Amino acid sequence: MSGNSDEATAPGADWDALAASFDDEPDHGLRDPEVRRAWAARLASWLPALPGDVLDLGCGTGSLSLLAAEQGHRVTGVDLSPAMVELARAKLAGRDAVFLTGDAAAPPVGEQRFDAVLVRHVLWTLPDPGRALRHWRQLLRPGGRLVLVEGVWGSVSPVGIPADRVTALLGPLAGQARVERLSDDPSLWGREVADERYAVVATYG
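Residues numbered from 1 in each chain as written. Predicted model: local features only at pLDDT ≥ 70, side-chain atom pairs only at ≥ 80, totals over all residues. Heavy atoms only, no water.

### Some thoughts on the pattern of salt bridges
Two side chains with opposite charge may pair up if their charged atoms get near one another. Considering all chains together, one arrives at 10 salt bridges under this definition. Across the pair R181 and D184 runs a salt bridge whose closest N-O atoms are separated by 3.6 Å. For the pair R181 and D184, a shared accessibility class is recorded, and that class is exposed. Salt bridges sharing common partners tie together R42, R178, E180 and D185. (Salt bridge = Lys/Arg side-chain N within 4 Å of Asp/Glu carboxyl O. Buried < 20%, exposed > 50% of the residue type's maximum accessible area, 1.4 Å probe, protein only.)

### A closer look at helix α6 (residues 129-138)
Among the residues making up α6, those that are buried are P129, G130, A132, L133 and W136. Axial view of α6: buried residues confined to an arc of 160 degrees, hence all on one face. Exposed and oriented more than 90 degrees from the buried face of α6 are R131 and Q138. Along its buried surface, α6 packs onto β1 (53-57), β4 (114-120), β5 (140-153) and α7 (163-170). (Helix = DSSP H or I, 4+ residues; strand = E, 2+ residues; numbered from the N terminus. Arc of directions from axis to C-beta. Contact = heavy atoms within 4.5 Å.)

### Here's the deal with unusual backbone geometry
Of note, H121 is a non-glycine position whose phi angle comes to about 60 degrees, a positive value. Relative to the helices and strands, H121 resides in the loop between β4 and α6. Positive phi values are uncommon outside glycine, yet A174 reaches one of about 60 degrees. Position of A174 relative to the elements: it lies in the loop between α7 and β7 (176-181). Residue classification places A174 among the exposed residues on the basis of a relative accessible area of 66%.

### Concerning the packing of aromatic side chains
For the coordinates displayed, the defined rule picks out three aromatic pairs. Consider the rings of W39 and W46, whose centres lie 6.3 Å apart with planes at 75 degrees: the pair is edge-to-face. Here W39 and W46 have matching classes, each one buried. For the pair W39 and W189, a centre-to-centre distance of 5.4 Å together with 85 degrees between the ring planes defines the contact as edge-to-face. Taken as a pair, W39 in helix α3 (residues 33-46) and W189 in the loop between β7 and β8 (196-203) lie far apart in primary sequence, 150 residues in all. (Phe/Tyr/Trp six-rings, centres within 6.5 Å; stacked < 30°, edge-to-face > 60°.)

### Quick notes on α7
Taken as a whole, α7 has its buried residues at A163, V166 and L170. Relative to the axis of α7, the buried residues are bounded by an arc of 60 degrees and lie together on one face. Relative to its buried face, α7 has exposed residues pointing more than 90 degrees away, namely D164 and A168.

Next up, the structure:
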């Protein structure tokens, strides 16, 4: 689940209908080599150095899942849209990756535990982001990390979730959280952006 270049797509959007054109956005499809390299470098700095198990929630068509798999991680992707999941399966065919249709806030992964939970442009859409964060924290192994890529999009009627709200919600979970500003790196977006875009990496144990 993700926002488009200028304004985030509203919760409740028809993601199956949007799936076919989803990768046309530079930061979705990562088709531009410079954009792809920029996301790969950031992901390498956010995810564990050693190959591990990564849960990609709201994985969309699997572009970040593919980068994680290329860096040696075993990936489980979850998305509410069956059409997105099918595209992700095709994109990562032959790789160590599994894709499931389900709710990112309560992913259908049973008792499985992960070294990293990666979530891009999903938290802001959830009715109870604090509850989702608490659940995601429980899916981590000791020493695991939450990687949250979020923002506040649009200038007329902005939507999203500010970084300080995310760090406040993470506070009770007793990890070490750092915020990385992404707005001033046009290579991530395929253009200059003026709104608030950031990543929060929270490590536990």
